[in-house]
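Reading the structure
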Amino acid sequence: MSDSLIKLPFRHSKGRDGGIEVLTFADLYRRQANLNHQITAPHSIGFYMLLYVDAGHGTHTVDFHKFDVAPHTLAVISKNQIQQFDPALALNGYIILITEDFIHRALFDLAGSVSRLLFEPVTTQAYFLRNAKTMLPHIERLTDEYTQGIDSPEQTPIMLRELGLILLKAERLRRAQLSSSLQQAEASPRLIAFRDLLQQHFVRHWTAQMYADALGFSKKTLGNLTRKHLHRSPKEVIDQRLLLEIKRMLVHTDLSIKEIAYQLGFEDPSNLNKFFKRVDGTTPSFFRRKGAPRHP
């Protein structure tokens, strides 16, 4: 490990520089012996990933939460998340690795049709979309075009078109599978603004009052907002974001707990231990040794 979170960059296995790589689960399983990381161990990704399960049952873990997967599930994994594959290596289907630039190009003509919430969920770690079989023909056409290995002016536009259609259908399915309460949450610009501000300032240990002040409304309004849509108080939401970052660093770096504490804004390492015990019910040391994903 290292002194910072290990992030796997987009690096095409065959040296191509097109911003996309398409492979099967079987391809990835075969490559495991030659990779410098274990796919069944937590690893951070510096790109976006779509997983389409065509056959098999298993799990996929994203930021320490384990999600069940079954045939015709499409998983949308975002840049910077920590994931790990099922140790049973029991899934069949397709894996699409995509750079941020390639996604922007695919969505260029679809502005507004695909929400950023597809890749930046408000109320879940990641989207695991069920009954996604209608995407399979587009995934297969994308795969066929990709595996031809041709270098023609038409190849990239065709792949961009098929990826854009996959994302459009994923967005439609995402919205259809949201509960009414989550639909209301996504319709709240105040909640989105709070989420974005929290991402910027959680290391500074802002209080709920400080977030409310920065957002221009009262602490009570913020509390009503998070309890209605997230079923948590503002403090619980704030604590969970900081806890996630601590867990990421515990699992994915070799920094000492003292070093992690200072990097994440704790004035004294003992305060990190107290915080972790209060919010997670265990200790940082125990989580580092035994930390296991759980179902959301």
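Structure: above.
From a predicted model like this one, the values you see are computed outputs, not experimental measurements.

1. A closer look at helix H8 (residues 219–229)
Listing the buried residues of H8 in full gives Leu222, Gly223, Leu225, Thr226 and His229. The arc enclosing the buried residues of H8, seen along the axis, measures out at 160°, which places them on a common side. For H8, the exposed residues set more than 90 degrees away from the buried face come down to Lys220 and Lys228. In the stretch just after H8, His231 is the one whose phi turns positive, near 60°.

2. Quick look at the side chain of Thr73
Structurally, the position occupied by Thr73 is in strand S7 (residues 73–77). At a separation of 3.3 Å, a polar atom in the side chain of Thr73 contacts the side chain of Arg130. With residues up to four places along the chain from it excluded, the contact list for Thr73 reads Leu51, Tyr52, Val53, Phe128, Leu129 and Arg130.

3. Here we look at the packing of aromatic side chains
A full pass over the atoms with the stated rule returns 9 aromatic pairs. Measuring from centroid to centroid gives 6.3 Å for Phe25 and Phe85, while their planes differ by 80°, and the two rings are edge-to-face. Taken together, the residues Phe25 in helix H1 (residues 25–31) and Phe85 in strand S8 (residues 82–85) connect sequence positions 60 residues apart. With respect to class, Phe25 is no different from Phe85; both count as buried. For the pair Phe276 and Phe287, a centre-to-centre distance of 5.9 Å together with 55° between the ring planes defines the contact as tilted. One end of the pair, Phe276, is in helix H11 (residues 269–280); the other, Phe287, is in helix H12 (residues 284–290), with 11 residues separating them in the sequence. On the basis of relative accessibility, which here comes to 0%, the residue Phe276 falls in the buried class. Grouped by ring-pair contacts, the aromatic residues Phe25, Tyr29 and Phe85 constitute a single cluster. A cation over an aromatic ring shows up here: Arg241 above the ring of Phe202, its NZ or CZ 4.1 Å from the ring centre.

4. Section: the environment of Leu117
For Leu117, the location among the structural elements is in the loop between helix H2 (100–106) and strand S10 (127–129). Taking the relative accessible area as the measure of exposure, Leu117 reaches 6% and is therefore buried. With residues near it in sequence (within four places) discarded, Leu117 still touches Val122, Tyr127, Arg174, Glu186, Ile192 and Arg195.

5. A closer look at unusual backbone geometry
Despite not being glycine, Asp63 has its phi angle at roughly 45°, a positive value. Mapped onto the elements, Asp63 comes out in the loop between strand S5 (58–62) and strand S6 (65–69). Positive phi, close to 60°, is recorded for His231, a residue that is not glycine. Its place among the elements puts His231 in the loop between H8 and helix H9 (234–252).

6. Digging into the sheet that holds strand S2 (residues 20–24)
Spatial strand order, S2-S9-S4-S7-S10: 5 strands in an open sheet with antiparallel pairing. The sheet is open, and its two borders are formed by S2 and S10, each paired with just one other strand. On average, each strand axis in the sheet is tilted by 15° relative to the strand beside it, whichever way the strands run. Pairing analysis gives 5 bridges linking strand S4 (residues 48–55) to S7, with the strands arranged antiparallel. Bridge assignment links Met49 to a residue of S7, and that residue is Ile77. This element, helix H4 (residues 155–177), spans S2, S4, S7, strand S9 (92–98) and S10 of the sheet and lies at about 90° to S10.

About the criteria used
- Residues numbered from 1 in each chain as written.
- Predicted model: local features only at pLDDT ≥ 70, side-chain atom pairs only at ≥ 80, totals over all residues.
- Heavy atoms only, no water.
- Buried < 20%, exposed > 50% of the residue type's maximum accessible area, 1.4 Å probe, protein only.
- Helix = DSSP H or I, 4+ residues; strand = E, 2+ residues; numbered from the N terminus.
- Arc of directions from axis to C-beta.
- Polar contact = N/O pair within 3.5 Å; in protein donor to acceptor, adjacent residues only side chain to side chain.
- Contact = heavy atoms within 4.5 Å.
- Phe/Tyr/Trp six-rings, centres within 6.5 Å; stacked < 30°, edge-to-face > 60°.
- Lys NZ or Arg CZ within 6 Å of the ring centre and 35° of its normal.
- Pairing = 2+ DSSP bridges.
- Axes fitted to C-alpha atoms, helices over the stretch in contact; angles between N-to-C directions.

No statement about biological role is implied by the geometric values presented.
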